[in-house]
Amino acid sequence: MIKAIIFDIDGTITDTNPLFLRSISQAFREFMGVEKPEDFFVFTVGIPSPETLKALNIPPEMERAFVARWQELIREGMREVRLFSGVREVIEELHQEGLKMALVTSKIRSEMSYQFDHFMINHFFETIICAEDTPRPKPHPDPLLLALDRLGVKNKEAIFIGDSIYDIQAAKKALIPFALASWGTLELEKVLELHPEFVLEEPEDIGEIVRGERDLTPAL
């Protein structure tokens, strides 16, 4: 029986991935003087910003200014970002049905504050796990295990809904069934290769899992 739903945020609840790619690409071009296609930066979506700096080999003396410019670009674009269609209604419905819910994100808490709080849906979630809340972020299982602990449920009593390769890797390690939010994923084929338990076409599909209308069997 499913007692809890754990959600990723970007690419799952909020349509932010295109903005993130555009922002990191522009900041990289401005600071490093190198033009790279936005697809090059897909790997940065879903990992904490400190890890992104290391992966992109941003010189230490540039890090603070780089992050400031990167976040400035995101802030400017957030005014146009929306929740995916149907997500708010599904979350409200799950809350009314008594499902426990949590958010697990690779954002640091300061990023979470200006990128998500204004959607005014935080109160539906019993706990929100950010990057600094565990020693290791996704794709390690630590954030999901902390969410389970705070929700008071076992791994097989929960579903993790996410969009990225890091999300499904974390779910596999935590032994939590994974549901792919196909509406927001940037790497559909890569995620499918890891065999998610469910592939969701739209947010309303979540209700089928909760009601037991979809068995816990591989989607492929």
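Throughout, residues of each chain are indexed from 1 in the direction in which the sequence is written. A pLDDT threshold of at least 70 governs which residues receive local features in this predicted model, and a stricter bar of 80 or more applies before side-chain atom pairs are shown or counted, although totals over entire chains, interfaces and linings include all residues. To obtain the side-chain values, all non-hydrogen atoms of the structure were included, while hydrogens and water were left out.

Assigned secondary structure in the protein consists of nine helices and six strands. Taking 220 residues into account, the globule formula puts the C-alpha radius of gyration at 17 Å, and the protein, at 17 Å, falls close to it. Its C-alpha atoms put the protein at 50 × 35 × 30 Å along the principal axes. Each residue is assigned to one of three classes by its accessible area relative to the maximum for its type, calculated with a 1.4 Å probe on protein chains only: buried under 20%, partly exposed between the two thresholds, exposed over 50%. Each of the 220 residues in the protein was classed as buried or not, and the buried ones make up 54%. Two residues qualify as a contact provided that any one of their heavy atoms is within 4.5 Å of a heavy atom in the partner residue. Across the protein, the fraction of contacts at a sequence separation of at least 24, relative to all contacts at a separation of at least 6, is 63%. Side-chain charges of the protein comprise 24 positive and 38 negative groups, with the mean position of each set lying 5 Å from the other. Helix and strand assignments come from DSSP, with helices taken as H or I runs of at least 4 residues and strands as E runs of at least 2, each series counted from the N terminus. Radius of gyration: over C-alpha atoms. The globule rule applied is 2.2 Å multiplied by the number of residues raised to the 0.38 power. Under the convention used here, Asp and Glu are negative, Lys and Arg are positive, and both His and the chain ends fall outside the count. The atom standing in for a charge is NZ when the residue is Lys, CZ when it is Arg, CG when it is Asp and CD when it is Glu.

Summarising burial for helix H6 (residues 142-151): seven of the 10 residues are buried, a large majority. Those residues of H6 lying buried are Asp142, Pro143, Leu144, Leu146, Ala147, Leu148 and Leu151. Backbone geometry just downstream of H6 places glycine 152 in the positive-phi region, at approximately 75°.

Attention now goes to the packing of aromatic side chains. Stacked, tilted and edge-to-face pairs are distinguished by plane angle, under 30 degrees for stacked and over 60 for edge-to-face with tilted covering the rest, among Phe, Tyr and Trp rings (Trp via its six-membered ring) whose centres lie within 6.5 Å. Scanning the entire structure with this criterion turns up eight aromatic pairs. Measuring from centroid to centroid gives 5.4 Å for phenylalanine 28 and phenylalanine 41, while their planes differ by 65°, and the two rings are edge-to-face. Taken together, the residues span a long stretch of sequence, with phenylalanine 28 in helix H1 (residues 17-32) and phenylalanine 41 in the loop between H1 and helix H2 (49-55) at a distance of 13 residues. We classify phenylalanine 28 as buried; its relative accessible area is 6%. Under the relative-accessibility criterion, phenylalanine 41 is labelled buried at 0%. Remark: a charge is flagged as sitting over a ring if the NZ atom of Lys or the CZ atom of Arg is within 6 Å of the ring centre and within 35 degrees of the ring normal. Across from the ring centre of phenylalanine 40, 4.6 Å away, lies the NZ or CZ of lysine 36, which sits over that ring.

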